[in-house]
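Each chain, letter by letter, is given below.
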Amino acid sequence: MIAGFFKRLTEGANAGLSADDERLALCALLVRIARADEVYSTDEAAQIDKVLMGRYGLSPFEATALRREGEEVEATAPDTVRFTREIKDAVPHEERIGVIEALWRVVLADGVRDAEEDAVVRLAANLLGINDRDSALARQRVSRA
């Protein structure tokens, strides 16, 4: 399954990722954010599950299974660019701010805002076509919630 996912990623836009692949790409990106500071806490894992349940209407069991698959994909993925490219292709621009909010939810889940996590969010936002101002506003909305 993971090998097939990477094959579809490397085949480019003509391959047409499925909705499941888009979910897996976002999940792997969320895991990459959580692991950026080399401390992957249970709070961050739980927040990833919450994001997946809310965004995709998954049950807790389904969200946990997807997160575990995302953890495997993230551990073997060469870079962040491929995930964000697939998310950018699958998610309309006006909905991408929701992706950035999801990233900030994971960053802030453990109560520590780390420079490494910030850097990955900045990179992802840039690759998704979201400017720094809109990303900062998304972070503020998440931190108030």
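No experiment lies behind these values; they were computed from the predicted model shown.

Caption draft 1: Inspection of the overall build of the protein at higher detail. Helix and strand counts for the protein stand at eight helices and zero strands. When its helices and strands are written in sequence order, the protein yields α-α-α-α-α-α-α-α. Expressed as a percentage of the 145 residues in the protein, the buried residues total 46%. Counting contacts in the protein only where the partners sit at least 6 residues apart, residues at least 24 apart contribute 73% of the total. As displayed, the protein has an accessible area near 7,200 Å², and 50% of this comes from carbon and sulfur atoms.

Caption draft 2: Molecular detail of unusual backbone geometry. Of note in this structure, Glu 38 is not a glycine but carries a positive phi near 65 degrees. You can see Glu 38 is positioned in the loop between α2 (19–35) and α3 (42–56). You can call Glu 38 exposed: its relative accessible area is 75%.

Rules behind the numbers
Along each chain, residue indices are assigned from 1 in the same order as the chain's sequence is written. Reporting in this predicted model follows two pLDDT cut-offs: at least 70 for local features of residues, and 80 or more for side-chain atom pairs to be given and counted; totals over whole chains, interfaces and linings ignore these cut-offs and use all residues. Just so you know, side-chain values use all the structure's heavy atoms and leave hydrogens and water out. Numbered from the N terminus, helices here are DSSP runs of H or I no shorter than four residues, and strands are runs of E no shorter than two. Exposure classes here rest on a 1.4 Å probe applied to the protein chains alone. A residue is buried below 20% of its type maximum, exposed above 50%, and partly exposed in between. Two residues form a contact once any of their heavy atoms are found within 4.5 Å. Accessible surface area values rest on a Shrake-Rupley calculation with a 1.4 Å probe, where residue burial reflects the displayed protein chains alone.

Coordinates in, geometry out; function isn't part of it.
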